[in-house]
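Coordinate inspection notes
These are the residues of each chain, in order.
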Amino acid sequence: MARRQTRASSRRGWLPWLGLALLPLAVPPAAAPGGCPSPCYCVATPELVQCRYERLEELPKELPLTVHNLSITGSNLSILHRAAFASHPLPDLRLLRLRHDNIQIIEDMALQGLPSLQTLDLSHNPLLSVAAGAFAEAPLLRTLQLNQALLAAPLEDQLASALGNLSLRRLELAGNALRALPDTLLPAGLEELDLRNNSLEGLTAAELRSLDAPGLKGLRVTLGANPWSCACSLRPLLAWLRAAASRVPDARSLRCAGPPPLRGTALLRLRPEGLPCTASEGGEPGRLETASYVFFGIVLALIAIVFLMVLYLNRRGIKRWLHNLREACRDQMEGYHYRYEQDADPRCTSAISTPGL
């Protein structure tokens, strides 16, 4: 009995400690300073806030002050107002992702209150207007993602003004149906440019020169999933690719979309001088076309030489054949002449008309 009482008392002694040990598992982690908005999901380590498909009309106000990554997806923000974060600054925010939020207008000083922001993702928004000072209060911004965000309106000039004072390192413009290189959106010091899945059929010599500007010597460009037209207009790009293939990470995956004979051909397998240029394109005939004509001329010359050699080697037989042909023609003509004379002789005519005499 004494042993049982001792064991019971020892169990009662460590049970409270076990409850204290399990208490953190039963109680959810406390929100960081500033709280967590009710429609959002907060993760304490690393500090992350996600608001997905909550149809928010405005940015959430109660955000943790120490948040590093903020993602708001599938809402209806429409306008990114001036000083949208100024009333509740987020000094440690480094990544702001606003995708599929129907953002159409970005006003001046929209990023005020985000002094540490390094990456801004505005992809999949129908942008219509971007103020010149939209990103002015984000001096550390290095990555800007605008994938499928420039389809609603031409914003190249507005974006050029907005990006003027930034020191971007990466710019993403994939899926915007671009038909030309947006050279005005390439600030000095840019290191990565994403132009995949656009409508580029070629790059002109002037556009390629802009990629070789002094401030863009280290720029890498991704160009995949574009409908490259492997015609005369592609010559400058092919020459540039051969000289700077290391600057295009996906160079080996680039394929011709036309013309039909070259569809699917890798661009790096083509030679610039092999693409013919017509007179209407302002270029000289391609070497491929010239070579075809030269080859055809050489074949005709060889045929002529062979024919002449055959005639020379068989000159005696040819003379004999010509002599026999001439004799045969002469005999034939003499036969015709003899028959003519016979028909013209009156004695033969009378003999034929009186056979009984």
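Up top is the structure these notes are about.
Numbers given for residues are sequential positions, taken from 1 along each chain in its written order. Under the rules for a predicted model, residues below a pLDDT of 70 receive no local features and side-chain atom pairs below 80 are neither given nor counted, while totals for whole chains, interfaces and linings still include all residues. Excluding hydrogens and water, the side-chain values take into account all heavy atoms of the structure.

**With respect to the overall build of the chain**
As a reminder, the rule being used: Counting from the N terminus, the helices are the DSSP runs of H or I reaching at least four residues and the strands are the DSSP runs of E reaching at least two. Throughout this description, buried means an accessible area under 20% of the type-specific maximum (1.4 Å probe, protein chains only), exposed means over 50%, and partly exposed covers the range between. A contact between two residues is defined here by any heavy atoms of the two lying within 4.5 Å. Using a 1.4 Å probe, the Shrake-Rupley method yields the accessible areas, and only the shown protein chains count as cover for residues.
A count of helices and strands for the chain gives seven helices and 14 strands. Within the span of the chain, comprising 357 residues, buried residues form 33% of the whole. Relative to all contacts within the chain whose residues are 6 or more apart in sequence, the contacts with residues 24 or more apart total 62%. Accessible surface computed for the chain: about 21800 Å², of which carbon and sulfur atoms make up 59%.

**Points about the state of the cysteines**
As a reminder, the rule being used: In this description, the term disulfide denotes a pair of cysteine sulfurs within 2.5 Å.
Enumeration over the complete set of coordinates arrives at three disulfides. Residue Cys230 pairs covalently with Cys256 via a disulfide, S to S 1.8 Å. Of note, the bridge from Cys230 to Cys256 carries an S-S torsion of about -95° and is left-handed in sense. Taken as a pair, Cys230 in the loop between strand E13 (228–229) and helix H4 (235–243) and Cys256 in strand E14 (residues 256–258) lie far apart in primary sequence, 26 residues in all. Each member of the pair, Cys230 as well as Cys256, carries the same accessibility label: buried.

**Comments concerning the pattern of salt bridges**
Just so we agree on the cut-off: In what follows, salt bridge is the name for a side-chain nitrogen of Lys or Arg lying within 4 Å of a carboxyl oxygen of Asp or Glu.
Summed over all chains, the structure comprises nine salt bridges. Here Glu191 makes a salt bridge to Arg169, at a shortest N to O gap of 3.8 Å. Of this pair, Glu191 sits in the loop between strand E10 (170–172) and strand E11 (192–194) while Arg169 sits in the loop between helix H2 (156–162) and E10, and the two are 22 residues apart along the sequence. When its relative accessible area of 31% is taken as the criterion, Arg169 is described as partly exposed. We note a salt bridge from Arg170 to Glu192, for which the minimum N-O separation is 2.5 Å. Within this pair, whereas Arg170 is found in strand E10, its partner Glu192 is found in strand E11, the two being separated by 22 residues in sequence. Residue Arg170 is classed as partly exposed on the basis of its relative accessible area, which comes to 22%. Bridged by salt links that share partners, the residues Arg170, Glu172, Glu192 and Arg220 form one connected network.

**Examining empty space enclosed by the protein**
Stated precisely, the cut-off is as follows: Cavity means a closed set of points on a 1 Å grid over the protein atoms alone, one where a 1.4 Å probe fits but cannot get out, pocket means an open set with protein on both sides within 12 Å along at least 5 of 7 lines, and lining means a residue has an atom within 4 Å of a point. Grid points are joined across faces, edges and corners, and a volume is the space filled by probe spheres set on the points. Under this grouping Gly is polar, as are all residues other than the nonpolar Ala, Val, Leu, Ile, Met, Phe, Trp, Tyr, Cys and Pro and the charged Asp, Glu, Lys and Arg.
Under the criterion given, the structure shown has one cavity of 30 Å³ or more. Size it by volume and the largest cavity reaches roughly 60 Å³. Lining of the largest cavity is provided by Leu59, Pro60, Lys61, Leu63, Ala84, Phe85, Ser87 and His88. The residue makeup of the lining of the largest cavity, split by class, is five nonpolar, two polar and one charged.

**Comments concerning the pairing of strand E5 (residues 95–99)**
Condition: Strands qualify as paired when DSSP identifies two bridges or more between them.
The pairing of strand E3 (residues 69–73) with E5 spans five bridges and is parallel. Within E5, the position partnered with Ile72 by the bridge is Leu98. Where E5 meets strand E7 (residues 119–121), three bridges bridge the pair, whose relative direction is parallel. Looking at E7, one finds that Leu96 is bridged to Leu120.

**Re the nonpolar core**
How we decide: What makes a nonpolar core is a set of buried Ala, Val, Leu, Ile, Met, Phe, Trp, Tyr and Cys residues whose side-chain atoms join them at distances within 4.5 Å.
If you look at the biggest cluster of nonpolar residues, it comprises 74 residues, and the most contacted ones within it are Leu96, Phe135, Leu193 and Leu267. Going through the elements one at a time, strand E2 (48–52), E3, E5, H2, helix H3 (205–211) and H4 are the ones with two or more residues in this core. Residue contributions to this core peak at four residues, all from H4. Each residue touching Leu193, except ones within four places of it in the same chain, is listed here: Leu171, Leu173, Leu181, Leu186, Leu219, Arg220, Val221 and Thr222.

**Structural notes on the sheet that holds strand E12 (residues 220–222)**
Stated precisely, the cut-off is as follows: A fitted line through C-alpha atoms represents every axis, and for helices the fit uses only the stretch in contact; the resulting angles, taken between N-to-C directions, go from 0 to 180 degrees.
Strand order in this open sheet of nine strands is E1-E2-E3-E5-E7-E9-E10-E11-E12, and the pairing throughout is mixed. The open sheet is flanked by strand E1 (41–43) and E12, the only strands paired with a single partner. On average, each strand axis in the sheet is tilted by 5° relative to the strand beside it, whichever way the strands run. Across three bridges, the pairing between strand E9 (residues 143–145) and E10 is parallel. When the bridges of E10 are listed, Leu144 appears paired with Leu171.

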